[in-house]
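Residues per chain are reported as follows:
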Amino acid sequence: MGIVLVEGQSDAIAVQVLAERLGLPAPRVLAVGGSKGARRAAESLAGQRLVGLVDAAERRDFESVLQTVFVCDPDLESEFVRALGVEGVEEVMAQQGELESFRRLQAQPFQRTRTIEQQLARFFGGRSGNKARYARFLAQAVPLERIPRPLNDLLASLSAQDAPRDR
């Protein structure tokens, strides 16, 4: 099985949770500390089969050192928002007892003119550890038939590597 390089811990959590939900062997996922860490990680893992998962804005950093890269547009959280829909994401927030906190954020003067997707991005990124927490919650909540394409394609590529080959 290959090694999956991702930018951060939230990406790693999402990949691991979805692999488990799909009944796939646990992939080795390495958070490289931002897209600029991809080169260092790839060099230290020379000779291994490496694939990457990265946000659209940082794709070049990964594509310059990895042959196979799956891109979240524009980022992991947005992929989950599209897959679950805003109502589905808000339901997850309600289950965590944080929907009222999100409503307070939406009521802030600067946030009122922003799209709900921008408000959700601010909510996920605005509190330490929130991106990782919600990566787990959203990966657990997304219906298996609606797994965001970059994550689905990444996991399919890993399971294809492990399939027995005819001789």
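Note that this is a predicted model, so its numbers are computed, not measured.

Student: Kindly report on the packing of helix α1 (residues 9–21) against helix α8 (residues 130–141), identifying the contributing residues and their values.
Tutor: Contact geometry for α1 and α8: axes closest at 8 Å, N-to-C directions at 20 degrees. Classified by the angle between their axes, α1 and α8 sit roughly parallel to one another. In terms of crossing hand, the pair formed by α1 and α8 is right-handed. Packed against α1, whose contacting residues are Ser 10, Ile 13, Ala 14, Val 17, Leu 18 and Arg 21, the element α8 presents Lys 131, Ala 132, Ala 135, Arg 136, Ala 139, Gln 140 and Ala 141 at the interface. Here the residues of the contact of α1 with α8 are counted per class, giving eight nonpolar, two polar and three charged.

Student: Just give me the short version of the side chain of Glu 7, but keep the residues and values in it.
Tutor: Tracing the chain through its elements places Glu 7 in the loop between β1 (3–6) and α1. The buried charged residue Glu 7 lacks any salt bridge partner; its closest oppositely charged side chain belongs to Lys 131, at an N-O distance of 7.7 Å. Among the polar contacts made by the side chain of Glu 7, one reaches the main-chain amide nitrogen of Asp 55 at a distance of 2.8 Å. Filtering out sequence-adjacent residues up to four positions away, Glu 7 remains in contact with Ala 31, Val 32, Gly 33, Gly 34, Ser 35, Leu 53, Val 54, Asp 55, Glu 58 and Phe 62.

Student: Which residues make up helix α4 (residues 76–95), and what values do they have?
Tutor: Taking 1.5 Å of rise per residue, the 20 residues of α4 would be expected to cover 28 Å, yet its terminal C-alpha atoms sit only 20 Å apart, more than 12% below that figure. Gly 97 lies just past α4 and shows a positive phi near 75 degrees.

Student: Tell me about the pairing of strand β3 (residues 50–55), and please be specific about residues and values.
Tutor: In terms of burial, β3 is largely enclosed, as six of its six residues are buried. Of the two faces of β3, both are covered, the one formed by Leu 50, Gly 52 and Val 54 as well as the one formed by Val 51, Leu 53 and Asp 55. When β1 meets β3, the two strands line up parallel, connected through four bridges. Across the sheet, residue Leu 5 finds its bridge partner in β3, namely Gly 52. With five bridges connecting them, β3 and strand β4 (residues 68–72) associate as parallel partners. When the sheet's bridge partners are listed, Leu 53 is paired in β4 with Phe 70.

Student: Requested: an account of α8, with residues and values cited.
Tutor: Between the first and last C-alpha of α8 there are 16 Å, a value that for 12 residues agrees with the 16 Å anticipated at 1.5 Å per step. Among the residues of α8, those classed as buried are Asn 130, Tyr 134, Ala 135, Phe 137, Leu 138 and Ala 139. At its buried positions, α8 is contacted by α1, α4 and α7 (116–125).

Student: Describe the packing of α4 against α7, naming the residues involved and giving the relevant values.
Tutor: The N-to-C vectors of α4 and α7 enclose an angle of 80 degrees; their axes lie 11 Å apart at closest approach. It follows that α4 is roughly perpendicular to α7 by the angle criterion. Contacts between α4 and α7 pair Glu 77, Val 81, Val 86, Val 89, Glu 90 and Met 93 from the former with Ile 116, Glu 117, Leu 120, Phe 123 and Phe 124 from the latter. Residues belonging to the contact of α4 with α7 are distributed by class as follows: eight nonpolar, no polar and three charged.

Parameters at a glance
- Residues numbered from 1 in each chain as written.
- Predicted model: local features only at pLDDT ≥ 70, side-chain atom pairs only at ≥ 80, totals over all residues.
- Heavy atoms only, no water.
- Axes fitted to C-alpha atoms, helices over the stretch in contact; angles between N-to-C directions.
- Helix = DSSP H or I, 4+ residues; strand = E, 2+ residues; numbered from the N terminus.
- Parallel < 35°, antiparallel > 145°, perpendicular 65-115°, else oblique.
- Left-handed = near helix turned anticlockwise from the far one by under 90°.
- Contact = heavy atoms within 4.5 Å.
- Nonpolar A, V, L, I, M, F, W, Y, C, P; charged D, E, K, R; others polar.
- Buried < 20%, exposed > 50% of the residue type's maximum accessible area, 1.4 Å probe, protein only.
- Lys, Arg positive; Asp, Glu negative; His and termini not counted.
- Salt bridge = Lys/Arg side-chain N within 4 Å of Asp/Glu carboxyl O.
- Polar contact = N/O pair within 3.5 Å; in protein donor to acceptor, adjacent residues only side chain to side chain.
- Expected span 1.5 Å × (residues − 1).
- Pairing = 2+ DSSP bridges.

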